[in-house]
Amino acid sequence: MTPVTAFPEINVTRPRSLARVIRAVPASDGAGVRLLRSLGQTPGARVDPFLMLDHLSSENPDDYVAGFPSHPHRGFETVTYMLDGHLLHEDHLGNRGHLRSGGVQWMTAGRGVIHSEMPQQERGRMRGFQLWINLPAAEKMKPARYRDLGAEEIPDVALPDGARVRVVAGTLDVAGARAEGPIAGLATEPLFFDVALPANGAFDHPLAAGHSAFVYPYEGALDVAGVALPTHAAGVLEGDGGIAVRANAGAARFLLLAAKPLREPVVQWGPFVMNTRDEIEQAIRDYQDGSLVG
Ligand code: MN
């Protein structure tokens, strides 16, 4: 007689697959800064709650010196991550923040900021990213808030297999390593890692079920669950499992972003992102009459 034993439940969740590739296209923003835009190049190229990802990478000052002079934002968060270079941030209240190599500025625009983001160098390499993350309707009009993080405040974790992970937001939790990013407590529960893989290196990590996720290789290329993802392309992941990627020929560096989707209507007019057209018209009126930043 064969005893009937209950097998332990095995939770076989396959890693997420590559659902969509959004190749970055050249774009110009601010006073003529040349950059690569993946998310946000069209209204359809968003990954709720992520609205836009711009990648600036140049050794030619003509591509960046003009910077981003005074301009407004309302209704979302801007995350600026510098790899190389020096930007000065100044807002309408006189707040100033220096953003240097390896640092992050996490700005919650809320009801409004008017600010400038200007390069503080006339030569050399300028390399970094700006990510826009939407805010839920209930938080779009909250007061603006800044987090300026120096490189030393962002955990930089060396994994046993040679990978390195900088943990900007969320929790790194793999065998042998755990680290908390300095950004926490946001409604969208973002995870923001900058991962460097050696040649043929791999990175596997759990992701919260139901959260949106994408990867953006900015050096080298990736293999995402068996499918090739080229450099300078956002690879949108689908499924409820974690991420399983491998450097595809040579070393690779990539951003991994994941967050809880808001599933709310998005109406964008340039630097204002609200839920309805009326709210956009209100934002434009508020900017014109000086009450955006009330
Ligand atoms: Mn801005």
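Residues numbered from 1 in each chain as written. Predicted model: local features only at pLDDT ≥ 70, side-chain atom pairs only at ≥ 80, totals over all residues. Heavy atoms only, no water.

**Details of the pairing of strand 10 (residues 113–119)**
- Counting buried positions along strand 10 yields five of seven residues, so the element is predominantly enclosed.
- Summarising the sheet, strand 5 (residues 68–73) and strand 10 pair through four bridges and their orientation is antiparallel. In the strand pairing of strand 10, Pro-72 is matched with Ile-114.
- By the bridge criterion, five bridges tie strand 7 (residues 86–91) to strand 10 in an arrangement that is antiparallel. Of the residues in strand 10, the one forming a bridge with His-89 is Glu-117. (Buried < 20%, exposed > 50% of the residue type's maximum accessible area, 1.4 Å probe, protein only. Helix = DSSP H or I, 4+ residues; strand = E, 2+ residues; numbered from the N terminus. Pairing = 2+ DSSP bridges.)

**A closer look at the coordination of the manganese ion**
- In the first shell of the manganese ion, the protein supplies His-71 (NE2), His-73 (NE2), His-115 (NE2) and Glu-117 (OE), at 2.1 to 2.4 Å from the metal.
- Along the chain, the residues that donate to the manganese ion are spaced as H-x1-H-x41-H-x1-E. One end of the pair, His-71, is in strand 5; the other, Glu-117, is in strand 10, and 46 residues separate them in sequence.
- With a relative accessible area of 16%, His-71 lands in the buried category.
- You can call Glu-117 buried: its relative accessible area is 6%. (Donors = N, O, S within 2.8 Å, 3.2 Å for Na, K, Ca; no water.)

**Some points on unusual backbone geometry**
- Residue Asp-48 is joined to Pro-49 through a cis peptide bond whose omega torsion reads 10°.
- By secondary structure assignment, the location of Pro-49 is in the loop between strand 3 (33–37) and strand 4 (50–58).

**Let's talk about the environment of Val-267**
- Relative to the helices and strands, Val-267 is located in strand 25 (residues 267–269).
- Assessed through its relative accessible area of 25%, Val-267 is described here as partly exposed.
- For the pair Val-267 and Asp-240, spaced 27 residues apart in the sequence, the C-alpha separation amounts to 28 Å.
- In this structure, Val-267 is in contact with Phe-272, Val-273, Met-274, Asn-275, Thr-276, Arg-277 and Ile-280, ignoring residues within four places of it in sequence. (Contact = heavy atoms within 4.5 Å.)

**Looking at the sheet that holds strand 21 (residues 227–229)**
- Taking strand neighbours across the sheet as the criterion, the four strands line up as 18-23-20-21 in an open arrangement whose pairing is antiparallel. Bordering the open sheet on either side are strand 18 (202–205) and strand 21, each of which pairs with just one other strand. Direction aside, neighbouring strands of the sheet carry axes that sit 25° apart on average.
- The sheet contact formed by strand 18 and strand 23 (residues 243–247) spans four bridges and is antiparallel. Across the sheet, residue Asp-204 finds its bridge partner in strand 23, namely Ala-244. (Axes fitted to C-alpha atoms, helices over the stretch in contact; angles between N-to-C directions.)

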